[in-house]
Amino acid sequence: MKISLIFCVIFFALLVNGSDKVLFFEPELVTIQKYESNSVKISLANDNNQSVAINFTYGDENEVYPTTDIIKLLDHIQIGPLRNQSAKILIHAQEVGHLVIGAISNDIDIPFSDILRVDVIHSSFLNIIIQIVGWIYFIAWSVSFYPQIILNYRLKE
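Thresholds, definitions, all that
Residues numbered from 1 in each chain as written. Predicted model: local features only at pLDDT ≥ 70, side-chain atom pairs only at ≥ 80, totals over all residues. Heavy atoms only, no water. Helix = DSSP H or I, 4+ residues; strand = E, 2+ residues; numbered from the N terminus. Buried < 20%, exposed > 50% of the residue type's maximum accessible area, 1.4 Å probe, protein only. Contact = heavy atoms within 4.5 Å. Areas by Shrake-Rupley, 256 points an atom, 1.4 Å probe, with all protein chains shown as cover. Pairing = 2+ DSSP bridges. 1 Å grid on protein atoms, 1.4 Å probe; cavity = no way out; pocket = protein on both sides within 12 Å on 5 of 7 lines; lining within 4 Å. Points joined across faces, edges and corners; volume = space filled by probe spheres on them. Nonpolar A, V, L, I, M, F, W, Y, C, P; charged D, E, K, R; others polar. Core = buried A, V, L, I, M, F, W, Y, C linked by side-chain atoms within 4.5 Å.

### Concerning the overall build of the protein
Looking only at helices and strands, the protein features three helices and nine strands. Start at the N end of the protein and walk to the C end: the helices and strands fall as α-β-β-β-β-β-β-β-β-β-α-α. Taken over 157 residues, the protein has a buried fraction of 28%. Long-range pairs, those at least 24 residues apart, make up 67% of the contacts in the protein between residues at least 6 apart in sequence. Split by element, the accessible area of the protein, about 11,400 Å² in all, is 61% carbon and sulfur.

### Structural notes on the pairing of strand β7 (residues 86-92)
The alternating pattern of β7 places A87, I89 and I91 on a buried face and S86, K88, L90 and H92 on a face that is not buried. With seven bridges joining them, strand β3 (residues 37-44) and β7 adopt antiparallel strand pairing. Across the sheet, I42 pairs through a bridge with A87, a residue of β7.

### Here's the deal with empty space enclosed by the protein
Where empty space is left becomes clear once a probe the size of a water molecule has been rolled over the atoms. Per the counting criterion, the structure on display carries one cavity of 30 Å³ or more. Along the lines of polarity and charge, the residues of the lining of the largest cavity split into five nonpolar, three polar and two charged.

### Considerations on the nonpolar core
Residues F56, I71, I91, I101 and V118 are the most contacted members of the largest nonpolar core, which totals 29 residues. Put simply, the parts of the chain that give this core at least two residues each are β1 (23-26), β2 (29-33), β3, β4 (52-59), β6 (77-79), β7, β8 (97-104) and β9 (116-121). Among the elements that take part in this core, β4 stands out by supplying four residues, more than any other. Ignoring any residue separated from it by four or fewer positions in sequence, one finds F56 in contact with F25, I42, L74, D75, I77, I89, I101 and G102.

### Focus: the layout of surface pockets
Quantified by volume, the largest pocket comes out at close to 160 Å³. Residue lining of the largest pocket: K72, L73, L74, D75, I77, K88, I89, L90, I91 and H92, and that is the complete set. It is β7 that contributes the most residues to the lining of the largest pocket, five residues altogether.

### Focus: the pairing of β4
A regular strand places its side chains so that they alternate between the two faces of the sheet. By the criterion of burial, β4 is predominantly enclosed, with six of the eight residues buried. Here β4 pairs with β8 via five bridges, running antiparallel. By the bridge assignment for β8, T57 is matched with G102. Linking β4 back to strand β5 (residues 64-65) in an antiparallel pair, the connection comprises four residues.

Shown next as structure tokens:
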């Protein structure tokens, strides 16, 4: 009974949290190699009375900056008024790093949670190698605790 109640509360929280979106970025996470480009589709979550002008902000999870060196700055766009109308932006990677792109508009209130995450990497091959080494390290670290547990068990007997 308690588990089903907890599940219902979590489901309701996710449902309520997901309904306050104003903009959709598709995809929400973009990984691009340095000096390459990728397109992202932006659409409104709901119909509007008029089209919406959107400017972009740059930053990380903690702070917003007026400019960035990681990607080429994005031009403002006009989108809407219907939710099935979308716009595409082209992201040109210039430097390696992580970036959070937000949106601001004088026409609608856009929450900070409507963001696009951009990761610019040196190369896909290097990224895969880093992930493999990271997982090997994690497994070796986890296994390193078992000899002590086995020794304690044998000494206890």
